[in-house]
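# Inside the fold
Each chain, written out:
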Protein chains: 2
Amino acid sequence: MSTMREVAVIGIGITKFGEIWDKSLRQLGLEAGFQAILDAGISGDDIDALYIGNMSSGSAIAQEHIAPLFADQVGLTRGHIPATGIEAASASGGLAFRQGYLAVAAGQHDIVVVGGAEKMSDTNPAETIETLSSGADREWEVFFGATLPSLWAMMARRHMHEFGTTAEQLAKVVVKNHKMAIYNPMAQYQSELKLEVILNAPRVAEPLGVFDCAPASDGAAAVVLCSMEKAKSICELPIKIIGSGQASDTMALHDRKSLTQIDSTIYAARRAFKQANKTIKDINVAEMHDAYSISEIIAMEDLGLVEKGAGGKAVEDGLTDLNGELPTNTSGGLKARGHPPGATGVAQIVEIVSQLRGKVEGRQVKDARFGLTHNLGGTGGTAIVHIFEGVA
Amino acid sequence: MSTMREVAVIGIGITKFGEIWDKSLRQLGLEAGFQAILDAGISGDDIDALYIGNMSSGSAIAQEHIAPLFADQVGLTRGHIPATGIEAASASGGLAFRQGYLAVAAGQHDIVVVGGAEKMSDTNPAETIETLSSGADREWEVFFGATLPSLWAMMARRHMHEFGTTAEQLAKVVVKNHKMAIYNPMAQYQSELKLEVILNAPRVAEPLGVFDCAPASDGAAAVVLCSMEKAKSICELPIKIIGSGQASDTMALHDRKSLTQIDSTIYAARRAFKQANKTIKDINVAEMHDAYSISEIIAMEDLGLVEKGAGGKAVEDGLTDLNGELPTNTSGGLKARGHPPGATGVAQIVEIVSQLRGKVEGRQVKDARFGLTHNLGGTGGTAIVHIFEGVA
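Residues numbered from 1 in each chain as written. Chains lettered and ligands numbered in written order. Predicted model: local features only at pLDDT ≥ 70, side-chain atom pairs only at ≥ 80, totals over all residues. Heavy atoms only, no water.

### A few points about the relation of the copies chain A and chain B
Stated precisely, the cut-off is as follows: We place the copies in one frame by least squares, fitting the C-alpha atoms of every residue whose pLDDT is at least 70 in both. Contacts: residue pairs with any heavy atoms within 4.5 Å of one another.
For these two chains of identical sequence, chain A goes onto chain B by a turn of 180° and a shift of 0.0 Å along the axis, with RMSD 0.0 Å. Here the symmetry operator amounts to a two-fold rotation axis. By residue overlap, the copies meet face to face through one surface: 100% of the interface positions of chain A are interface positions in chain B.

### Topic: helix H11 (residues 293-302) of chain A
Applied cut-off: The buried label applies to any residue whose accessible area, calculated with a 1.4 Å probe on protein chains only, is under 20% of its type's maximum; exposed applies above 50%, and partly exposed to all values in between. A helix here means a DSSP run of H or I that spans at least four residues, while a strand means a run of E at least two residues long, and both kinds are numbered starting from the N terminus.
For H11 of chain A, the tally of buried residues reaches 10 of 10 residues, placing the bulk of the element in the interior. Along H11 of chain A, the residues classified as buried are Ser293, Ile294, Ser295, Glu296, Ile297, Ile298, Ala299, Met300, Glu301 and Asp302 of chain A.

### Here's the deal with a nonpolar patch on the surface
Stated formally: For patch detection, residues must exceed 30% relative accessible area and be free of salt bridges, and they are connected within 9 Å for like charges or within 5 Å for nonpolar side chains (Val, Leu, Ile, Met, Phe, Trp, Tyr). Accessibility throughout is a Shrake-Rupley quantity obtained with a 1.4 Å probe, and a residue counts as covered only by protein chains that appear here. When a carboxyl oxygen of Asp or Glu is within 4 Å of a side-chain nitrogen of Lys or Arg, the pair counts as a salt bridge.
A contiguous nonpolar surface patch, about 450 Å² in accessible area, is contributed by Trp140, Phe143 and Phe144 of chain A. Looking at where tryptophan 140 of chain A falls in the secondary structure, it is placed in the loop between helix H5 (125-133) and helix H6 (148-163).

### Section: the domain arrangement of chain A
Residue and element names in this part refer to chain A. Keep this limit in mind: The source of the domain bounds is an automatic or database domain assignment. What gets called buried area is simply the loss in accessible area from a 1.4 Å probe that two parts show on being joined, summed for both. Contacts described as polar in this section are N or O atom pairs within 3.5 Å, which, within protein, must combine one atom able to donate a hydrogen with one able to accept it, while residues neighboring in sequence count only if both atoms come from side chains. Ten residues, namely Ala, Val, Leu, Ile, Met, Phe, Trp, Tyr, Cys and Pro, are considered nonpolar, four, namely Asp, Glu, Lys and Arg, are considered charged, and the remaining ones, Gly among them, are considered polar.
Partitioning chain A into structural domains gives domain 1 (7-123 + 217-239) and domain 2 (144-214 + 242-387). The straight-line distance from the C-alpha centre of domain 1 to that of domain 2 is 23 Å. The interface is formed by 42 residues belonging to domain 1 together with 33 residues belonging to domain 2. Buried surface at the junction of domain 1 and domain 2, both sides included, amounts to about 2800 Å², of which 65% is carbon and sulfur. Ranking the residues of domain 1 by area buried against domain 2 places Phe17, Ser90 and Arg98 at the top, with a combined share of 23%. Between domain 1 and domain 2 we count one salt bridge in total. In this structure, arginine 357 and aspartate 39 form a salt bridge, with 2.9 Å as the shortest nitrogen-oxygen distance. For the interface between domain 1 and domain 2, the tally reads 16 residue pairs in polar contact (both at pLDDT 80 or more). Among the elements of the structure, strand E1 (7-14), helix H4 (92-105), strand E4 (111-118) and strand E7 (219-227) are those that each provide at least two residues to the side of domain 1 that touches domain 2. Here the side of domain 1 that touches domain 2 gets eight residues from one element, more than from any other, and that element is H4. In terms of residue class, the side of domain 1 that touches domain 2 is made up of 21 nonpolar, 15 polar and six charged.

Spelled out as structure tokens, the structure:
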């Protein structure tokens, strides 16, 4: 690991998230990819390799082999560059980014494009819930009727039981993230959501209502990675990756020692913080995986921002508000920006890079120098944590 | 790249391939994984990371997020090690191996397990052809009625037209590979197949009959990778990876300049041979991607074994027979060993490692020192080539 090179993000691109009926998966990928390449100010011939995160194109649109398809769409077939597809349920984007980062850090490539994309609207809602649930354990959980929301609902219920977390506290995560999304033109829901509306919404799986759950969205995001050495001559404001952590856990919840703690997050964060030689106290802005309102509360705890059990109260106290101690999910998060599983992990990075560049409209975190992204697959079978440094 | 460490395969495992009705995907993965770990003589705690190749578990058995699932099944969740899922259609296994190799070569990990697995029998045959075809371009090829076999059939037809390749020559690839599989107890079809039977079999897509096509199989394979430095103290006969190449091409055939040449193979081979500082003349035993009889002939040409167009004649002349100049697909190949897409690339490596260890029953290539594997996704959107050296 001592031979690892420094790596920076030098370009970002993202599509509008939502129900994008008039664009196909490949069009979305193309749009985000071109934006990132243009933003980096490079040309296609500069790109050494492509890494693509996608969860469900096989079952959703009967298309596998996504990575060369995207290379093809973006016009990168001339050099026959390597194009690698990564799947880790809703952590597919974050893991694709990590693979691209490691390839540049190892000196294998100089410039790499990482993309994440998903198309969920082309399937019917019953299929969508099946697709999302295929990130959990099919044989031991989903086969018996559990769905991804119901598994997270069990975690929420247990969190309430153990720590007195309230439905209001869960709902406040949602209120905060919707408030942030108002300023994000790429967000699926650019609208405030009142506490009472969230609390009185139809239930998906008690105690989670429909507004406690992130939508299953269409969308794509892409970033350009470059060795720091080379980045300095290409880019005015390269954003450095100073920590990368990946960890796994059991697929089935019943095999874990606790329902209120996600060990993969703890281990991934430990690895990323160790590499960065930082702690959560150093972080100025974060994107956490809020697939469900409870997910963000558990993430806050597992990332070490607050003690286990104190997440609900901390949200209530505004710790993660835009002007709080650690502004979290300024993009709107999975909840309000939208959640196309393969794109989410990359979209989080697009937001953090934007924040560390210091010029986000409406939701800029002042003097942000260090940023963190936290991306989960399923109920935490995979966790990916990255830490970034802007040249403040 | 100059800082890359030497890496060796120190353990191999493979299940019986075929219609394995009594074992699930996770059981197959478990079986191959355990075998590889036992063969390497290491324990679970020695393993730093897992890379899993799988094409279609999402659409075939509604299970995504395969990598942590396998970590879980093999009992590797205690250390919360990274588990990364790779998808590249029928090159998923080969690409997973390459990712694992690069991670060890870069010094990121010391010991890595790479697995490939697929479960095709749990879907009906109509779905199976859909699944296989999702490795081609859904919007520009498959939507209009093309299937993976019909696309390869077009390539075969054109090869016949341009170079005078005959149906008999295609069939002789199959005769050879079935003859090899007789000695492979893990092969799906341990039976000879007569030329007339192949030629008179029902047609799948002219000029390809049912016996020109590899089966869609269940099965799993796994290998243990280790830094060469560490391998010497663990393993008597580490098999060194001396070249690794990956390349992509357009997904749709109509975007390529030729139907009889697969550029991704040419580029992947060039990269692997360059790294190894070898040519095809140095190779003593090879596994080539014979998803269809024509695939092996085109691969022979693109890998540089013979001139373009001379593949059919070379097969007829016995160039790739067990006692030929370059014995090819001694395992039986995809055709007779069987073809579970995610497992195939890893199974090829299991065969080459076995050959370079020098103790294969019945089909051992004498004095084999250098081996090659060639793994394709779809019609060549992805190609992966690896070169191995045994300590002869």
